[in-house]
Every structure is written in structure tokens, then in C-alpha cells.
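Topology and contacts: notes
Chain residues, written in single-letter form:
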Amino acid sequence: MPAFPQAAKQQLANAQLRHNLADATSTIRRKRADVVGELDDWAQLREAGAAIKTHTLSNLDTYLEQFEAAVTAAGGTVHWARDAEEANRIVVDLVRATGEREVVKVKSMATQEIELNDALRAAGIDAWETDLAELIVQLGHDAPSHILVPAIHRNRAEIRDIFRREMGEVGTPAPDDLTDDPARLAEAARRHLREKFLRAKVAVSGANFAVAETGTLVVVESEGNGRMCLTLPETLISVVGIEKLVPRWEDLEVFLQLLPRSSTGERMNPYTSTWTGVTPGDGPQSFHVVLLDNGRTNALADEVGRQALRCIRCSACLNVCPVYERTGGHAYGSVYPGPIGAVLTPQLRGTTSEVDKALPYASSLCGACYDVCPVAINIPDLLVHLRTRVVEQDRGWRSTPVDVLMSLASWVFGDAKRLAAAQRVASWSRKVIGRKGTIGRLPPPLSRWTDARDAPAPAEESFRTWWERNRGGGAR
Ligand code: SF4
């Protein structure tokens, strides 16, 4: 996987992708703005959401133990997983113990993060995604490109072709006369999934929230496929990131308002499913929760970075991000794309690889992500924080060209006369390098900037000389 600058360049060349994304994100943005505008107390709700999450993260050890005790008391079993490998091993062993060779899945970012489907496949177990968008991604042998709408990069005609080509290979085929009408596509998916739901004895889910005081897991969704998974099978295995906890049942009141309005632009999620342990004669009779760390305690240890763990995966920041809208999710090289991916992934995976080091730079720092975030994560602040980390970590004993440039800039800006002289040189240089109003190409290392953007040419006259000429007051 190439790092973001190279991957983004490839994606930018795909006009169809840009069209699909612009279409989808502008619709979701509009819907979100409408329903958020209906609430007079949105700012207070947002503050409450941020405060609950901050409090929980500060006392996570206590709440995790409380959650484990509550799940156990309700007849479930809690497993602790330090990393992806451990989590996958636990799930594979649990499925194997049932004797089954297939599972149905509720859409889950945590299981994508640990690449559970691959681990199950390696163990000879088929995992069937049941969320419509996830199904499209799975049948298309593709990767998700959005937190909420994983197939956002596909249009209806592409989906019809995928259904026609692939459904018959793994189950109930799509009708021969399938069109790209949304109702027909949904009907084909429903028929295909029904067979899986009725056969599966094991389901794997994630959770949007986990309530510490009751041991309850909560999944919100739009299609009802999740609820089928959570209620029909005999065994339910839920893989849940440790940051999903909220202390009390009544905390859900805040998040069940913030999440649907921020994510799908709806007042309520069509389906909100909650389950607590095991109830004889009703729903799965064997229930397991795998509590996943996988880098989260590293993020928690960073006083600035830990706010990324407040994220409720609503995807509002993706939908407003001008960088995401043009490059799409695949360019980020992570299951968490967009602004939240740019700050969460380097914390979960570290900043050693070229892909992860580049992520904090995958932003224009315009601040739109912070404005819409329902739990007030200051993503621009975090991006700068992580950029500092990358620079510090890469700083060796030898100065880089950027270090030299920054020292020079500091020297120039440190003295008014030097700055005035530099501005005169810049205005003069316009005659040579910026006659058309922009600078197309500069020599290295400045070419790293001009290769990707047109820099505006220096003004013919600086503000300082204009002031001297017009007001005659002497520049300060
Ligand atoms: S960072 Fe905020 S806006 Fe982005 S997905 Fe998370 S909660 Fe939503």
C-alpha cells in the first residue's frame, strides 16, 4: 500500500470516484445540517457527549471491570484481547467450539480493524457480511472506503453488476433481469441474505456502545439485518473496542441523539438493538464479548491524543472533509479513513511505517471536521500534535532541508529589517518565477510543495511598502 500522497494521486485521477463521492457526501451533509439545526440544545448535547466520554476514558479501568462483572452476572463471558492476533484467535476458537463452519456478521469496524474475516477464512470458516454496503464490498472483493457507507465509492450500476456476477457464487443468485433500481437491488440483497440468516448458528458483531453498569451492548443500524444477526443465531460473539464504554444506561440518551443526526442525518436510527447476557428461550443462548485493546491503551497514554478515543464513528468528519471528498477512503490505507482515520490510525498502529507517518498530513487543517464532530474532538489540534511526533521521531543528528528552511524562516521573521528585505526580494522574484500569477515549479526541496499545488506568486508590492507609500508612517 503506497503512502497517502501517492495513493491520493492515483485516486484523484478517477473521475467516476470523485463524482460518486461528491454526490453522496453532499447529500448526507445537507441532511445532517437540517436535523442538527432542529435542536436548540445541540451545543449542550455535544458538550455532554464529550464530557461523558472524557470521564469514561479517565476511569476506563474501573468501568471495564464493572462491565465484565455485569456481563458475567447476566450469563455472558468476557475475553480480553491485547491485539488483533489475540482477538482473532479467541473468535476462531469460539466458532470452532460450536462445530460450525460459517458465521453471519453485523457491520463492525473493530472486526475490520483486526481483519477477522481473513483469520476466519484461514481457519476454514466463512464469514458473511449482512449490512448491505458491507455485502457490496465483500462481493466486490473490495475494501471499505467509508466508516458508515463502506461502498460509497460505488454507484448503482456497479452494484448491479457485482450482484449479478457474484451472488450466485456464494449463495442465492441475483435475478437475471436485475436492474440498478434501488428497490430491486435491495430485494436481491434481502433474498440472498435470508438464506444465510436462516442457516447460521453463530453471529459476530461489534457494538456502538457498551454500558458498564448493566453489561449491555448496543447496536444501531438502518436495515434490520443487524437485529437478525443478534437475535436468530444460537451463539453471539461481540468484538468491542475498550473505548466503546459508557458508564450508565441513561448516558445513551445523549449518544442516541448525537449519533443518528451526525451520521445518517436522521432523528433516530431505524433499529436500535440492545442485549444483555443470555435470556433463556430468547435470542442467543451463548454470548461472548471480546474486549479489544489493539493500541488503544497507547492512545490513552497520550494526554493530547486520547481524545480520538471519544469517537463514536458517526463519519460526519469524513463527509465534510475536502480531502476525503476528492481522494476517497482507500487512499488512507486504513479501515478508518478521513480526518478521524488520520488521527486514530497512527495512534493505534504507531508512526513507524511510511503509510502511518503520512496520515497526519492528509488534511488541509481547515477545521470543518472539528465543527461537525458530535463529541468535539479537536482533530486539527491532534493532526498538528501527531505531525510534531512524526517530525521529532525522524529528526536525526543531521538537519533535514526542512530544518534548514525553518531556521532560515525564523531568522528572517525575527527582525523587521530582514523581513522587509526578504519581501523586496520576493516582489522582485515575481518578474522571474511568477509572471502568470502562480508559481508552477520550484527546485528541490521546495518542489515537494509545488509538485502538488500551484503556489501564488508574491505580490508586486508588499503591504509594508504599500503602507509606507500611502500613509507615509514608516513601517513597524
Ligand atoms: S471524529 Fe467525531 S465526527 Fe469523526 S467519526 Fe468520530 S465522532 Fe464522528
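Structure report, in brief. Please read all numbers here as calculations on a predicted model, not as lab measurements.

Reading the values: the criteria
Residues numbered from 1 in each chain as written. Predicted model: local features only at pLDDT ≥ 70, side-chain atom pairs only at ≥ 80, totals over all residues. Heavy atoms only, no water. Core = buried A, V, L, I, M, F, W, Y, C linked by side-chain atoms within 4.5 Å. Buried < 20%, exposed > 50% of the residue type's maximum accessible area, 1.4 Å probe, protein only. Contact = heavy atoms within 4.5 Å. Axes fitted to C-alpha atoms, helices over the stretch in contact; angles between N-to-C directions. Helix = DSSP H or I, 4+ residues; strand = E, 2+ residues; numbered from the N terminus. Parallel < 35°, antiparallel > 145°, perpendicular 65-115°, else oblique. Left-handed = near helix turned anticlockwise from the far one by under 90°. Nonpolar A, V, L, I, M, F, W, Y, C, P; charged D, E, K, R; others polar. Pairing = 2+ DSSP bridges. Patch = residues over 30% accessible without salt bridge, like charges linked within 9 Å, V, L, I, M, F, W, Y side chains within 5 Å. Areas by Shrake-Rupley, 256 points an atom, 1.4 Å probe, with all protein chains shown as cover. Salt bridge = Lys/Arg side-chain N within 4 Å of Asp/Glu carboxyl O. Near = heavy atom within 4 Å. 1 Å grid on protein atoms, 1.4 Å probe; cavity = no way out; pocket = protein on both sides within 12 Å on 5 of 7 lines; lining within 4 Å. Points joined across faces, edges and corners; volume = space filled by probe spheres on them. Phe/Tyr/Trp six-rings, centres within 6.5 Å; stacked < 30°, edge-to-face > 60°. Lys NZ or Arg CZ within 6 Å of the ring centre and 35° of its normal.

**Let's talk about the nonpolar core**
Membership of the largest hydrophobic core comes to 101 residues, with the highest contact counts inside it found for Phe 67, Phe 163, Leu 217, Val 289 and Ile 340. In this view, Phe 163 contacts Leu 132, Leu 135, Ile 136, Leu 139, Ala 174, Leu 178, Leu 185, Ala 188 and Ala 189; residues no more than four positions away in its chain are not counted. Core analysis: the next-biggest nonpolar cluster, separate from the first, contains 22 residues, Ile 114, Leu 116, Ala 123 and Ile 237 among them.

**Regarding the packing of helix 9 (residues 156-170) against helix 10 (residues 182-199)**
A pair of packed helices is captured by two measures, namely the crossing angle of their axes and the spacing between those axes. Between helix 9 and helix 10, the least distance of the axes is 11 Å, while the angle of their chain directions is 25°. Judged on the interaxial angle alone, helix 10 and helix 9 are roughly parallel. Read as a crossing pair, helix 9 and helix 10 show a hand that is left-handed. Counting all contacts with helix 9, which are made through Arg 156, Ile 159, Arg 160, Phe 163, Met 167 and Val 170, the residues of helix 10 involved are Pro 182, Leu 185, Ala 188, Ala 189, His 192 and Lys 196. Tallied by class, residues from the contact of helix 9 with helix 10 come to eight nonpolar, one polar and three charged.

**Structural notes on the sheet that holds strand 6 (residues 216-221)**
Overall, mixed pairing links the four strands, which are arranged 8-5-6-9 in an open sheet. The open sheet has two free edges, formed respectively by strand 8 (245-246) and strand 9 (271-276), since each of these has just one partner strand. Here two bridges tie strand 5 (residues 209-211) to strand 8, and the two strands are oriented parallel to one another. Within strand 8, the position partnered with Ala 210 by the bridge is Leu 245. The strands touched by helix 12 (residues 252-263) within the sheet are strand 5, strand 6, strand 8 and strand 9, with strand 5 carrying the most contacts at an inclination of about 170°.

**Focus: the sheet that holds strand 1 (residues 77-81)**
Judged by pairing direction, the sheet is parallel, and its six strands sit side by side in the order 1-10-7-4-2-3 without closing on themselves. What marks the edges here is a single partner per strand, and that holds for strand 1 and strand 3 (126-129). Geometrically, the sheet is characterised by an average inter-axis angle of 25° between neighbouring strands, direction not taken into account. Across four bridges, strand 2 (residues 102-105) lies against strand 3 in parallel orientation.

**A word on a nonpolar patch on the surface**
Taken together, the side chains of Leu 405, Leu 408, Trp 411 and Leu 446 present a nonpolar region at the surface, about 390 Å² in accessible area. With respect to the helices and strands, Trp 411 occurs in helix 20 (residues 401-413).

**Concerning unusual backbone geometry**
Unusually for a residue other than glycine, Arg 313 sits at a positive phi of about 55°. Turning to its location among the elements, Arg 313 is positioned in the loop between helix 13 (296-301) and helix 14 (316-320). Here Arg 313 falls in the buried class, since its relative accessible area comes to 9%. Of note in this structure, Ala 376 is not a glycine but carries a positive phi near 50°.

**Considering the site of the ligand**
Within the structure, the ligand sits among 13 residues, and Cys 311, Cys 314, Ser 315, Cys 317 and Cys 373 are positioned closest to it. Across the shell around the ligand, the residue classes break down as eleven nonpolar, one polar and one charged.

**Here's the deal with the pattern of salt bridges**
For the structure shown, the criterion picks out 23 salt bridges. For Arg 267, the salt bridge goes to Glu 38, with nearest N and O atoms at 2.6 Å. Linking Arg 267 in the loop between helix 12 and strand 9 with Glu 38 in the loop between helix 2 (15-37) and helix 3 (42-58), this pair joins segments that are 229 residues apart in sequence. Salt-bridge contacts for Asp 118 lead to Arg 121; the nearest nitrogen and oxygen are separated by 3.3 Å. Separated by three residues within a single helix, Asp 118 and Arg 121 lie in helix 7 (residues 116-122), roughly one turn from each other. For Asp 118, a relative accessible area of 39% translates into the label partly exposed. Look at Arg 121 and you get exposed, because its relative accessible area is 55%.

**Considerations on the packing of helix 2 against helix 12**
In the contact formed by helix 2 and helix 12, the axes pass within 7 Å of each other and the chain directions differ by 145°. In contact with Ile 28, Arg 32, Val 35 and Val 36 of helix 2, helix 12 contributes Arg 261, Ser 262 and Ser 263. The residue inventory of the contact of helix 2 with helix 12, partitioned by class, reads three nonpolar, two polar and two charged.

**What to know about the layout of surface pockets**
Size it by volume and the largest pocket reaches roughly 2,600 Å³. Tyr 361, Val 402, Arg 448, Trp 449 and Arg 453 are the residues nearest the centre of the largest pocket, which is lined by 50 residues in total. Ranked by residue count, the leading element in the lining of the largest pocket is helix 20, at nine residues. When the residues that make up the lining of the largest pocket are grouped by side-chain class, the tally is 33 nonpolar, six polar and eleven charged.

**Points about the packing of aromatic side chains**
Within the structure shown, the criterion is met by seven aromatic pairs. With centroids separated by 5.9 Å and ring planes inclined at 20°, the aromatic side chains of Phe 463 and Trp 466 adopt a geometry described as stacked. In this pair, Phe 463 and Trp 466 both sit in helix 23 (residues 463-471), three residues apart, roughly one turn of the helix. By relative accessible area, which is 59% here, Phe 463 ends up exposed. On the basis of relative accessible area, Trp 466 is assigned to the partly exposed category, the value being 31%. Lying over the aromatic face of Phe 255, Lys 53 brings its terminal NZ or CZ to 5.8 Å of the ring centre. Positioned above the aromatic ring of Trp 128 is the side chain of Lys 196, whose terminal nitrogen or guanidinium carbon lies 3.9 Å from the ring centre.

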